[in-house]
Structures are given as structure tokens and as C-alpha cells.
Amino acid sequence: MLTIDRRRLLIHGEPRLILAGEIHYFRVPREQWAARIAQLAESGANTVASYIPWVFHELPDGTLDLTGATRPERDLAAFLDLCAEAGLWFIARPGPFQMAELKNEGLPYRLYTEHPEIVPVGWDGAPAPSRTVDYLAPAFLAEADRWYAAVMPLLAERLIQHGGPIISVQLDNEIGMLAWVTNSPDLTDDLLSDLRGWIREHRADAAGTYPALEEDDAAWARAVRSPEEAWAGALRVDLTRFLRGRFARYVDHLRAAAESHGVRDVPFLINIHGTEQGSALGISQLVETYSGRPGYLSGSDHYAGDMTLDVTTDMYVLNAFQQAVHDDDQPLTSLEFEAGTGDYGDGMERLAEPATADLKSRLFVAQGNRMLNYYLFAGGHNPPLDEPVGDGNDRLAFTGRRHGFAAPVGPEGQASPTLAPLAAAMRQLALHERHLASAVEELDDLALGLVLDSYATELRHPDSEVMGEIVRDLELHRGPGQRKALARSALFQGYRFDAVDVASPRPRSGGAGRSVLMLASSRHLDPHVQQQLADHVAGGGGLLLLGVLPERDLEGRPCRILADSLGLSAAPVRHDSSRFHPSVHWTEDRAVLDETRVGWFQELSGPDARPVLTTVDGETCGVEVRRGEGRAILLAAGLPSHLGLFGHALERLGAVPGLRLRSSVPGVVATTTRDEYGGRMLHLLNVTGYRPDVTIELDGERIDLRPAPHTGYLLARGLDVGRARIEEANAELTAISDEQLSFAEPAGERLRVVLRTDAPVTADGPGARAARSGQKVLVTADGPVSVHIG
């Protein structure tokens, strides 16, 4: 069975790296199922994943076909059994919602006509523009229970602990996403009644904040659906926090239904939407469904394109944020890991670089992802609906007949240009599975602050100036910092940082104990978060803030807890214009930051504030403040990423990198991991099209490298393989056996590998040489090499 322990996924007690590929059996002719599964297995994967669409298996009369009686492709058990025969595990994704470009997001048509009360209205009572429903509407839950009663027993029989291939089950899909992307909250009558009770329980000044709270249902509905400015700020906060708990209740209902039909003792997966661009919006919405809850795992969902400097920063931040709300056992996973060409419109409009999936995969496993589901691995054809609806194609999905044309394996089973590089990437990860399945990133004394409420920006009434002002402020100043300057500047100079949920009432192991915290600061910040930050500094910690001085709470009311603790005041923000071009520099030493153009700045003052950033006109927009043994630096300007500036500020606060990275071209990332067996690896990614000169200082040693363009490396730094221990290497292993180790092209001018072994060693390759000194053997070569041991 699959169990979760110390951020590892254990299958029958052994740490494993789950490499999955999504194949939609319902879009592939049954006679081609085995061929698609074989293509996945041959690519190096060990798992198949698939949605199990309710809308596909339910017939027009409401009956359900899971046996293939009406269409061969509906024989779900047959597909699962083929996966098992191929030696592959299976991740089941039975909804109720699936999305996947399906009509109604995967729900049967009749639900909307037979149960109109489940269809929500949004702001001002307008009908929902999407096919969403009220998740906790009694009629919808009853229908979902009926679907689970049909599909879950079939899955239960094939769980891994019963000899089948199923290792985990996903509950629903991208919960809350439809309301977010349409800015249309689910404001049914049932939900509003539920919200009224929640507000009474959670807000001491409930009646004073909401005059309509004690009035009749119609008045209360108007107050929420068309809020007045007097309570719009409070409603935005209350509604988003209320919905977090409501989503958790929905997930718990689905889990109970699944378990009642025998699906037990497997991880239940929650797919988090909105994680592109390093965003934690989906984490904010769904955190209460899984965070710290036994039996649940969260998985990211991203379609970010090629590994640019922006995307690399986003992906690193995404993983750090996702882990920040996990407990000590929950590992990272990715349930929709973008694979393929990226040409989702089938118009030759995009072709992903060959190394895109490889570079992303390497970064994700370096940060502790134990499950990657490459989505979509194989395309197919959307079957016709059993009963035409006259929507222009009358097929299962809105994409037309062909589907998955961007996948590594196309709709007709043809290999796209991305299949070979994806397969090579999976094989390399599989080769290093013993290390990667339990490896933990070695982190510096630095964390990026995660403020979940800064990402609770999915809902705002379009006519509310109060809501709009707060949301705009939060969107400008959160996460990696404006222009990603905080995270990118730290990452590309070698800092290995994680994230901490600043508002969490209980410490998380990922960020607990970090002496230095960096945070994007907005004008609106929750009082509890402000107090947490003030306490961090007062307790001797370092705090680097990039953004404006927080002076209001999330409802727009004055709140200066942090500002007062630091003794700071701020003038209004000044923005550039066609006649105003502000520039700033580091106050004490222009070698740290010479004159640099910024788009905005905020003048700061305080009796104990030491100027560190100054405009060319002499205004102070960056200060350092000491409080006891702690200190804070606030940089209130629209600064770009800058290694010297942010590195200087972080070290001044006490964050000294254990790995120092210098590259002649920006875009190289390095980190280290250590596994439970004592093995260690240096992970090196060059996401650029250049071959830079790179110097890494690690453990007092200087490592000079010249990584190839768009290339990643897993470099052993103390790894037991076969009959030897690799003490250091500047080339990646490509084959491992007791008698032979093979290494690829080096990340430097010449291959250099240091082995520790008593056995005889010889080397084959261009210019290869093996020189022994005691137990150590130095292998050098001018290119790839095979090392024979014994």
C-alpha cells in the first residue's frame, strides 16, 4: 500500500518516486489502450493517471455504465487491469468535477435541469457564467453520492493493498477554480444561510458590521450579493475565509463517501489550481481541505511554458509555498505537470523547448516532489454525446473531435517532438530514484514569507472601490515580491530557501526556526500577521521587507502594529510619470546599488531608522531598524532583481548562504539534497541558451563549471552506487551497475570524478584516465566515460 511518512511516499514500506502520465481511456479506442499504456511504460513512467468522467459513464436515462455494456471504452475495470498487467500503478481521478475540457466540467447534463437550486448566482444575483454548482447543495451531494456508490466499489477492488494498481484517489478537481476565474462567488440561498451563521460565530462585531445580519433572508441576500461600501471590506475577508472551511467540508463529505464504499487506506489527493506564476491563490482557497490533515496530499497544477528566468523563479516559489502549509509527513506532489509542445490551440503557435519538461522535473524533485503526473501524456478523440445537445459539436468536450494535440503522444498515437526528451528525463529520474525518493533539500537560514490572505483575491464585487483598492494592493505586493525581486535575487545567487506560513498558529517544520524572513509587504496586512512579524524582530530575528509600509488591515481599517513596533511613518507613494523619473541608490555605498531607475517609491522616516536606500533627490525610501537583538530592513521602492543589493541586505540581517553561486550569465540555479542513506547531490540547472562560467563555493571548496545550455545535472557529492562511493563528480550518471558506472558529458571543460573503493578501477572514453591514491580514484576524461569497477 502507499503510505505517507516524513515527506516520503512509501509503497510497501519502500520510498518511491511516482512518475505518472495522464492517459484518458475514454478518449482512446479500447483496442489502442494497450499500445498507449506501453508507450508510457517505455518512456520510463511507473504510473498511469486518468480522470474518470461522470458525464461519460452516465447515460441519458440516468443509469451508469462502468462495464462497457453500451460502449467498449466505458469498461473502466478493463483499463485498470491493463495498467496492472503492464506493471504500472494507477492514480484515479473520479471527480465529481473533472474539468479536462469536458462539457459541464464533467457533470451530467440532467443535474442542471433536475436540480436548478444547485446552480448558484453571484454578485447582484447574476447567474453563474460557468457550469459550477453549489458544492454543499443537498441535491448535488446526493447525486455525487450516487456516482461514488457506482464507481468507488470498482476502485476499491483494485487498490494496491488488494493486489490492484490503484495507489491514490483524487477527490474532485480544482475546487473553487470556476468561481475564481469568473469572479462569481457561489451565493445560493443555502450558502448565504450558512455564511450568516459563520459570521455570527467568528466576528465579535457581527451585527455592527452587517446591519442586515438580523433582518430577513431577502435583506441578507441583498447585503451580500450587492454589498454597500460600509461592509464591503469586511465581506471580502469573511467570504473568502468562510469558503475555505466550506471547501473542507465538501472534501470531507467526498472522502466519507469513498471510504463507505471500501476506498480506504490510500492518500486522497487535492488538486490545487492557480499555482502558475508562483501564485498561492489555489493554496489559499484550499488550504483547509488538506493542510496538516492525515490521509490528504496536495498536488500542484501548472502550465507555465518554457523554463525562463521568470518561470524558474515561479516554480521554486510555488514548491516552497506548497510545502509551507504541509505538516512533517506530507510531501510535495504535482498532479498536472505540464508536458508536451504547449500548442494547445493546435495552430503551430508554440513549440516548447526540448529541455522544458526535463528542467522543470529536476527542479521539482530537488525541492522534494515525490509524485509528478505528466499532463497530458497521450491525446485522443472526444466521443459523441449519447444524446445531441445542439452545441456546435455534440461531443464530450468543447475541443472538438481531436483532443490532446499538444501531448507527447498525439491523438492518433503519433509521437510528438517532445516525447523523446520527456522519456529521457523520466529515465534519468528513475535511475536516481534511490536518492530522490527520500532526498531533502539542504536549506539556508532563510525563508520567504507566505501570507495566504494576500492571495485571497479571487472575489471582489466589480463596483466596489473598497474591495478593488485592497485587491490591487495585495496583487502588487505579495509572494516573491514585485517583479519577483526578492525570490529571484536570492535564488540566482545560491540561496536555498523555503517558505513559512506567517499567519499559522502552529509552527511548520519547513520555516520554523529560520532566523531571517523576507516578505513582500503591502499596505493592507492582517493584524495577526503584523504582530507575528513584530514579534519575530523583537525576538532577535531578521526581516527584509520589499514594498510599502503596512498601515491598514485587510478590511481597509487603520492598523499600524508593525509600523509602530519599528517606529516608522510613511509618506504617500510617488509613482513615475512622463515628467517624473525617480532613481535610487544604496545610501552608504553605491557599489551595493548604484543609481537605479524605479517606477515608484515611498518616503520613510522614524527616530531609530537608519537610511539605506535614497532617491537622487535625497528622500529616504529604505531604512534599517534595530529592535533589541533583531533588525529589519524595509525597501519601499519598485526595485528590480539585483544580486548585490539583496545579497548585501540578507547577509546584513544574518542570512549567510551555505552555497555561493556566481555565474557569468544569470539563469543558473544550484541546490543540494541529502537522502536518508547519507547520500548527497548537487543539483545544477542552466535554464539559459548560453554556456556560462559558473563558480560554486560549497563546504569550503570551489567548484568551477561550464554547464551546457538548457541543461540540468544531478552531480553526486557523496553517493554510494554499486561497489563504490562517488565522493564528487562534475558529470551525471547515466547507468549504474555493480561493475560499471557510466557518466554523461561533464558540466565543465573535462570530466572529473572522484571514487572511493578498494576494487580495481579502469575507465573507457576519450582521454580517459584512472589514477589511484589509497582508497580514492580520480577519473578524468575529455567526454563521456564508462568506469569499470572490479
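For the structure given in this document, a descriptive report is provided here. (Residues numbered from 1 in each chain as written. Predicted model: local features only at pLDDT ≥ 70, side-chain atom pairs only at ≥ 80, totals over all residues. Heavy atoms only, no water.)

With that out of the way, let us pick up empty space enclosed by the protein. Applying the stated criterion across every chain, the model contains four cavities of 30 Å³ or more. The computed volume of the largest cavity comes to approximately 120 Å³. Forming the boundary of the largest cavity are 15 residues, of which Gly340, Ala352, Glu353, Thr356 and Ala357 lie nearest the centre. Among the elements of the structure, α13 (356-366) and α14 (419-431) are those that each provide at least two residues to the lining of the largest cavity. At four residues, the largest contribution of residues to the lining of the largest cavity is made by α13. (1 Å grid on protein atoms, 1.4 Å probe; cavity = no way out; pocket = protein on both sides within 12 Å on 5 of 7 lines; lining within 4 Å. Points joined across faces, edges and corners; volume = space filled by probe spheres on them. Helix = DSSP H or I, 4+ residues; strand = E, 2+ residues; numbered from the N terminus.)

Okay, the environment of Leu59 next. By the secondary structure assignment, Leu59 is in the loop between α2 (54-57) and α3 (76-85). Its relative accessible area of 16% is what places Leu59 among the buried residues. As a C-alpha pair, Leu59 and Gly292 span 233 residues in sequence and 39 Å in three-dimensional space. Discounting chain neighbours no more than four positions away, the residues touching Leu59 are Asp65, Thr70, Arg74 and Asp386. (Buried < 20%, exposed > 50% of the residue type's maximum accessible area, 1.4 Å probe, protein only. Contact = heavy atoms within 4.5 Å.)

Enumeration over the complete set of coordinates arrives at 22 aromatic pairs. Judged by centre distance (6.1 Å) and plane angle (75°), the ring pair of Tyr51 and Tyr375 falls under edge-to-face. With Tyr51 in strand β5 (residues 47-51) and Tyr375 in strand β11 (residues 369-378), the pair connects residues that are 324 residues apart, well separated along the chain. Judged by its relative accessible area of 7%, Tyr375 is buried. For the pair Trp54 and Trp147, a centre-to-centre distance of 6.0 Å together with 5° between the ring planes defines the contact as stacked. Residue Trp54 is found in helix α2, and its partner Trp147 is found in helix α5 (residues 138-156); the two are separated by 93 residues along the sequence. Here the two residues Trp54 and Trp147 agree in accessibility, since each one is buried. Every member of this aromatic cluster is reached through a ring pair, and the members are Tyr25, Phe26, Trp33, Phe56, Phe79 and Phe90. A cation over a ring is seen here: Arg74 above Phe56, with NZ or CZ 5.0 Å from the ring centre. Sitting over the face of the ring of Tyr296, Arg255 holds its NZ or CZ atom 4.8 Å from the ring centroid. (Phe/Tyr/Trp six-rings, centres within 6.5 Å; stacked < 30°, edge-to-face > 60°. Lys NZ or Arg CZ within 6 Å of the ring centre and 35° of its normal.)

This part covers the environment of Ile789. Mapping Ile789 onto the fold places it in strand β42 (residues 785-789). Sequence separation of Ile789 and Gly722 is 67 residues, and the distance between their C-alpha atoms is 8.7 Å. In contact with Ile789, other than residues within four places in its own chain, are Arg723, Ala724, Asp738, Glu739, Leu741, Thr757, Ala759 and Pro760.

Bringing the nonpolar core into the picture now. Core analysis: the largest hydrophobic core is formed by 194 residues, its most contacted members being Leu155, Leu639 and Phe743. When residues no more than four places from it in sequence are discounted, the contact partners of Phe743 are Ile726, Ala729, Ala731, Glu732, Leu733, Thr734, Leu751, Val753, Pro784, Val785 and Val787. Residues Val451, Leu566, Ala632 and Ala636 belong to the second largest nonpolar core, which totals 24 residues. (Core = buried A, V, L, I, M, F, W, Y, C linked by side-chain atoms within 4.5 Å.)

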